Amino acid sequence: MTSAASKTGNWELVRRGIIDENTIFRLAISLCPAIAVTSTMRNGFLMGVAVLFVQVMVNVSISLMKGFIHPRIRLPIFMLVISGWVTITDMLMAALAPDAYRQMGLYIQLIVAFASILAGAEMFASKNSVVKSLFDGIGRGTGFLVALVIISAFRELLGKGAVLGVPVLGGARPLLIMVLPAGGFLSVGLLMALFNWADTRFLKKEKGR
Amino acid sequence: MIGARDVAKISLNLVVVYVVGGALLAAVYVNTTPIIRENAVREKKAALHKIMPEADRIEKRGDWTIHEKPAEYFVAKKDSLVCGYLVESYGKGYSGLIHLLVAVDTLGIVKRISILSHSETPGLGDGIEEGWFTGQFAGKTSAHMKVFKSPTADNIQAISGATISSRAVTEDAVKKALEQIANAHKGN
């Protein structure tokens, strides 16, 4: 897939990151954050934005450096670049969004270890132009953001009976399990199934696959 | 095999990444630290009133140091009568220092504690922020500040899987804060 990437259009790259190769629902990587921070929609959204930012910056940086890095230290350099951008995100968030940072500051630093970020760097940015890598980063990051928002909206609605902190279910008793880690796994599984079903039902037909 | 040219190139790679990355990090650090510090001060002020809601005035009484960190203590007044004290404290946690506030009444009995910041393991050590854990401190004195792994009425029950974090809060930060208040009184 990467070999043909130079011919793939920019928006096609974005679409691919969101739908065909969605980090959570398709590649099923970086599931840990998808479960850890998605008990409320607000946290899911903020984590998604942080990951989107890191993914885009890492993709662009790695692409800029690709001709310069010695292959033997490729991965250590990727990790350095990723941890640098994560630290920057961490500091920016602590300064600009202190309330959110209080709740999820611990998880921001864990972005360093997200397989999705390293996958973007290794599989795409290290082999493609800066512009393509930018769009690939936007696609992957947005795909992650969309997935986190969907999962967290689902969990908050069922687990707390609320949307963005506003109760909507009236007197109905929420399912506590949905905000616990077990509920995270259940949500990801159910949504993944839904995603697959929608994909075979609507998208594949169109493409005549 | 790695030749001399490879070694030179690898070294150059690393130097460039360190220098550029370091410069970028330094620039962001310099610009965000003042805002982060301001936020922390504001948060501390809000937390002081939150854990001593009965007070209408909270005045700074003095400074002390714990784990080489400067900390403050305060006196809380209601209708110009002293109704308790507030102490800022630090405990050595599983990863880094745990920063917290302790509210005590005039007899040295804990009213409430509030965790201000920490970097304990998400999902385990961060349980120190939860109400069931911090709630255990109410009504206890420095003599009760001991962690047990089983349910206990007189002492503090550890968070399962996070004994180090529980100890850091109880036997380190809170206990020392209570001793500090006791000492400050002797001086008066």
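Sequence order as written defines the numbering, with residues in each chain counted from 1. Written order determines the labels here, with chains lettered from A and ligands numbered from 1. Residue-level local features of this predicted model are given only where pLDDT is at least 70; pairs of side-chain atoms are given and counted only at 80 or more, and the full residue set underlies all totals for whole chains, interfaces and linings. Side-chain descriptors were evaluated using all non-hydrogen atoms of the structure, hydrogens and water having been removed beforehand.

Caption draft 1: Spatial organisation of the overall build of chain B. Each helix and strand counted, chain B has three helices and seven strands in total. Only DSSP runs of H or I covering at least 4 residues are called helices, and only runs of E covering at least 2 are called strands; the numbering of each starts at the N terminus. Ordering the α and β elements of chain B from the N terminus gives α-β-β-β-β-β-α-β-β-α. Computed over its C-alpha atoms, the radius of gyration of chain B comes to 22 Å, more than 25% above the 16 Å expected for a compact globule of 188 residues. In terms of overall dimensions, chain B has C-alpha extents of about 75 × 40 × 30 Å along its principal axes. Burial classification: accessible surface area is computed with a 1.4 Å probe over protein chains only, and a residue below 20% of its type maximum counts as buried, one above 50% as exposed, and the rest as partly exposed. Residues counted as buried form 41% of the 188 residues belonging to chain B. Here the analysis covers contacts within chain B between residues at least 6 apart in sequence; of these, 47% occur between residues at least 24 apart. In short, Shrake-Rupley with a 1.4 Å probe defines the accessible areas, and a residue's cover is counted only from the protein chains shown. Element-wise, carbon and sulfur atoms account for 58% of the exposed surface of chain B, whose accessible area totals about 10200 Å². For the purpose of charge, His is not counted, nor are the chain termini; Lys and Arg are scored as positive and Asp and Glu as negative. Positions of charges follow a simple convention, taking NZ of Lys, CZ of Arg, CG of Asp or CD of Glu. With 23 positive and 20 negative side-chain charges, chain B shows a spacing of 2 Å between the two charge centroids. Only the C-alpha atoms count toward the radius of gyration. The rule for a globule is 2.2 Å times the residue count to the power 0.38. Throughout, a contact is declared for two residues whenever any of their heavy atoms are within 4.5 Å.

Caption draft 2: Expanded view of the interface of chain B and chain A. Listed by partner, the interface residues are 29 residues for chain B and 22 residues for chain A. What counts as buried area is the accessible surface, traced by a 1.4 Å probe, that two parts surrender upon association, with contributions from both included. Between chain B and chain A the total buried area reaches about 2100 Å² when both faces are included, carbon and sulfur atoms providing 73% of it. Listed by contribution, the elements that provide at least two residues to the side of chain B that touches chain A are α1 (4–51) and β5 (110–117) of chain B. The biggest single contributor to the side of chain B that touches chain A is α1 of chain B, with 18 residues. Amino acids are sorted into nonpolar (Ala, Val, Leu, Ile, Met, Phe, Trp, Tyr, Cys and Pro), charged (Asp, Glu, Lys and Arg) and polar (every other residue, Gly among them). For the side of chain B that touches chain A, the residue count by class is 17 nonpolar, six polar and six charged.

Caption draft 3: Geometry of the domain arrangement of chain B. Residues and elements named next belong to chain B. Domain boundaries shown here were taken from an automatic or database domain assignment. Structurally, chain B comprises domain 1 (1–51) and domain 2 (53–184). Just the C-alpha atoms count here: the centres of domain 1 and domain 2 sit 31 Å apart. Each partner contributes to the interface: domain 1 provides seven residues, whereas domain 2 provides 13 residues. Across the domain 1 to domain 2 interface the summed buried area is about 930 Å²; carbon plus sulfur atoms make up 71%. Three residues stand out in domain 1 for area buried against domain 2, namely Lys44, Leu48 and Ile51, and they jointly supply 71% of the buried area on that side. One side-chain nitrogen of Lys or Arg within 4 Å of one carboxyl oxygen of Asp or Glu is enough to make a salt bridge. The tally of links between domain 1 and domain 2 comes to two salt bridges.

Caption draft 4: Examining the confidence of the model for chain B more closely. For chain B, mean pLDDT is 89; residues scoring 70 or higher make up 97% of the total. Interface scoring of the predicted complex returns ipTM 0.73; its pTM is 0.73. Along the chain, pLDDT gives the predictor's confidence residue by residue, from 0 to 100.

Caption draft 5: Molecular detail of the sheet that holds strand β3 (residues 81–92) of chain B. Residue and element names in this part refer to chain B. If you walk across this open sheet you meet the five strands as β1-β2-β3-β4-β5, and the pairing is antiparallel. Edge positions in the open sheet fall to β1 (57–66) and β5, since each of these has one partner strand only. In this sheet, adjacent strand axes meet at a mean angle of 20° when their direction is disregarded. Two strands make a pair as long as DSSP finds a minimum of two bridges between them. One ladder, built from six bridges, connects strand β2 (residues 69–78) with β3; its direction is antiparallel. Residue Val75 lies in a different strand from β3, and its bridge partner there is Tyr85. Here α1 sits on the sheet and contacts β1, β2, β3, β4 (97–104) and β5; the angle it forms with β5, its principal contact strand, is near 160°. To obtain an axis, a line is fitted to C-alpha atoms, over the contacting stretch when the element is a helix, and the angle between two such axes runs from 0 to 180 degrees between their N-to-C directions.

Caption draft 6: Inspection of the side chain of Thr32 of chain B at higher detail. Tracing the chain through its elements places Thr32 of chain B in helix α1. Among all residues touching Thr32 of chain B, those that are not within four sequence positions of it are Met91, Leu92 and Ala95 of chain A.

Caption draft 7: How the structure looks around the packing of aromatic side chains. Here is the rule: rings of Phe, Tyr and Trp (six-membered ring for Trp) pair when centre to centre is within 6.5 Å. Planes less than 30 degrees apart are stacked, more than 60 are edge-to-face, and the remainder are tilted. Considering all chains together, one arrives at six aromatic pairs over all chains under this definition. Ring centres 6.1 Å apart and planes at 45° place the aromatic pair Phe114 of chain A and Phe144 of chain A in the tilted group. Pair noted here: Phe114 of chain A is in the loop between α5 (98–108) and α6 (115–125) and Phe144 of chain A is in helix α7 (residues 130–160), with a separation of 30 residues, a long-range link. With relative accessibility at 1%, the residue Phe144 of chain A sits in the buried group. A connected cluster of aromatic rings, assembled from ring pairs, spans Trp132, Phe133 and Phe137 of chain B. For Lys146 of chain B, the ring lying beneath its charged end belongs to Phe148 of chain B, and the centroid distance is 5.9 Å. As a reminder, the over-ring test applies to NZ of lysine and CZ of arginine, requiring each to be within 6 Å of the ring centre and within 35 degrees of the ring normal.

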